[in-house]
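Chain residues, written in single-letter form:
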Amino acid sequence: MSKPIRKAVFPVAGLGTRVLPATKTVPKEMLTVVDRPVLQHAVEEAREAGIEHFVFVTGRNKAVIEDHFDMAYELEDTLRRRGKEKELNELLADLPKAGATSFTRQQAPLGLGHAVWCARDIVGAEPFAVVLPDMITLPGKNGKRCLAQCVEAYEKHGGNIIAAETAPKDQLHQYGVLAPGQDFGATFEITGMVEKPPKGAAPSDQIISGRYILEPSIFKILEKGEKGAGGEIQLTDGMIALAKKRPFHGVRFDGKTYDTGSKIGFLAANVAFALARPDIAPGFKAELKKIVGKI
Ligand code: UTP
């Protein structure tokens, strides 16, 4: 039996330059999709997948993230005194248990691989999830979001798991791309991967899409600090080294991922997540129709 996945690492130390000027003072993970920060959507997905401990790798100007996952005593007290029970109960339901969050600093944004390595002491010697919080997901037919589907795949195959998505051929050079081996339907064996392949050289159209389950031996590899594409310490390069010794499987995510780290992706996420909310969709649809009718 594989060890359960209890901890998830959320790398949140990037500069978010693609969504400037919004991210000049507000971390991109705290930008709002519908009525909650992007990061809260990612934490809810992790919680649904059975994650018990949330590890945030932060940087300077990100202190507001720590506050968001703490009690807001004055606010809660005011809501209580004003009889706003519904709002109060929602806040309390979202609050992680005391001691269920950890924060560490990356100090300098040297790359995703380096950010994950910064969580090594908090994660310890157990397999763990990595959730890129700027990628947020809506469930497909089976009602599960991406990380829950990765955990299912991990329970089947063990080892290491990467969520995959199909990308248009002319965009593959922007992503980490997987080389598939044996096909199991919802999952597949990974026989190779490459970060940002030159145009026309991608091994498939299956891209790495922001959810991973990794064995702790990745930390020893990332410790070397070898730089890859863009001069950054890449998680993909660490996984390539680990895949020489350990099994990796891909999950064909049944659902939809939105990259809120780009302006268009952020806008699309707001529309899709609003339309998926029974309390907001009816009113929003009416407004949306007025706008779309003019295009
Ligand atoms: P991105 O490359 O999308 O984030 O990394 P970025 O660097 O903030 O984006 P741009 O290109 O400047 O707009 C994916 C995730 O990894 C984190 C980011 O915060 C984001 O959640 N990250 C990236 C780190 O924590 N540290 C890094 O050194 C790089």
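Keep in mind the model is a prediction, meaning the values are calculated, not measured. (Residues numbered from 1 in each chain as written. Predicted model: local features only at pLDDT ≥ 70, side-chain atom pairs only at ≥ 80, totals over all residues. Heavy atoms only, no water.)

Participant: Can you walk me through helix 9 (residues 235-243) in this structure?
Facilitator: In an α-helix, one turn spans 3.6 residues, which is why side chains three or four residues apart end up on the same side. Within helix 9, the full set of buried residues consists of Leu235, Thr236, Gly238, Met239 and Leu242. For helix 9, the angular spread of the buried residues around the axis is 155 degrees, confining them to a single face. Turning to helix 9, the residues buried within the fold contact helix 5 (112-117), strand 8 (160-166), strand 10 (187-195), strand 11 (206-214), helix 8 (218-222) and strand 12 (248-252). (Buried < 20%, exposed > 50% of the residue type's maximum accessible area, 1.4 Å probe, protein only. Helix = DSSP H or I, 4+ residues; strand = E, 2+ residues; numbered from the N terminus. Arc of directions from axis to C-beta. Contact = heavy atoms within 4.5 Å.)

Participant: Got a minute to help me understand the pattern of salt bridges in this structure?
Facilitator: Side-chain pairs of opposite charge can arise whenever the charged atoms involved come near each other. For the structure shown, the criterion picks out 20 salt bridges. Two residues, lysine 28 and aspartate 134, come together in a salt bridge whose shortest N-O distance is 2.8 Å. Of this pair, lysine 28 sits in the loop between strand 1 (7-11) and strand 2 (32-33) while aspartate 134 sits in the loop between strand 6 (128-131) and strand 7 (135-139), and the two are 106 residues apart along the sequence. Taking relative accessible area as the criterion, lysine 28 reaches 11% and is therefore assigned buried. Counted as one network, the salt bridges with shared partners bring together Asp35, Arg36, Glu44, Arg277 and Asp279. (Salt bridge = Lys/Arg side-chain N within 4 Å of Asp/Glu carboxyl O.)

Participant: What exactly am I supposed to notice about the side chain of threonine 187 here?
Facilitator: Looking at the secondary structure, you find threonine 187 in strand 10. Assessed through its relative accessible area of 5%, threonine 187 is described here as buried. For threonine 187, the residues in contact, after removing those within four places along its chain, are Ala153, Lys156, His157, Gly250, Val251 and Arg252.

Participant: Got a minute to help me understand the nonpolar core in this structure?
Facilitator: In summary, soluble globular proteins display a tendency toward joint burial of nonpolar side chains. Grouped together as the largest cluster of nonpolar side chains are 30 residues, with contacts concentrated most on Phe128, Ile162, Tyr212, Leu214 and Met239. At four residues, the largest contribution of residues to this core is made by helix 8. Other than its neighbours up to four places away in sequence, isoleucine 162 contacts Leu178, Ile190, Met193, Ile208, Arg211, Tyr212, Met239, Phe248, His249, Gly250 and Val251. In terms of nonpolar packing, the next biggest core, distinct from the first, is built from 29 residues, Ile51, Phe54, Cys150 and Ala163 among them. (Core = buried A, V, L, I, M, F, W, Y, C linked by side-chain atoms within 4.5 Å.)

Participant: What should I look at first to understand the site of the ligand in this one?
Facilitator: Taken together, 18 residues are adjacent to the ligand, and Gly16, Thr17, Arg18, Gln106 and Gly111 come closest. Contact distances for the ligand include 3.0 Å between an oxygen atom and a side-chain N or O atom of lysine 28. Residue glutamate 29 places a side-chain N or O atom 3.0 Å away from an oxygen atom belonging to the ligand. Compared with its free state, where it exposes 570 Å², the ligand has 83% of that area covered by protein. Of the residues in the shell around the ligand, the class split is nine nonpolar, five polar and four charged. (Near = heavy atom within 4 Å. Polar contact = N/O pair within 3.5 Å; in protein donor to acceptor, adjacent residues only side chain to side chain. Areas by Shrake-Rupley, 256 points an atom, 1.4 Å probe, with all protein chains shown as cover. Nonpolar A, V, L, I, M, F, W, Y, C, P; charged D, E, K, R; others polar.)

Participant: Please clarify how the packing of helix 10 (residues 263-275) against helix 11 (residues 281-292) should be interpreted in this entry.
Facilitator: Between two packed helices, the angle of one axis relative to the other and the distance separating the axes together describe the packing. For the pair helix 10 and helix 11, the least separation of the axes is 8 Å and the interaxial angle reads 135 degrees. On the basis of their axis angle, the class for helix 10 and helix 11 is oblique. Only Ala281, Phe284, Lys285 and Leu288 of helix 11 make contact with helix 10, whose side of the interface consists of Val271, Ala274 and Leu275. Its residues assigned to classes, the contact of helix 10 with helix 11 shows six nonpolar, no polar and one charged. (Axes fitted to C-alpha atoms, helices over the stretch in contact; angles between N-to-C directions. Parallel < 35°, antiparallel > 145°, perpendicular 65-115°, else oblique.)

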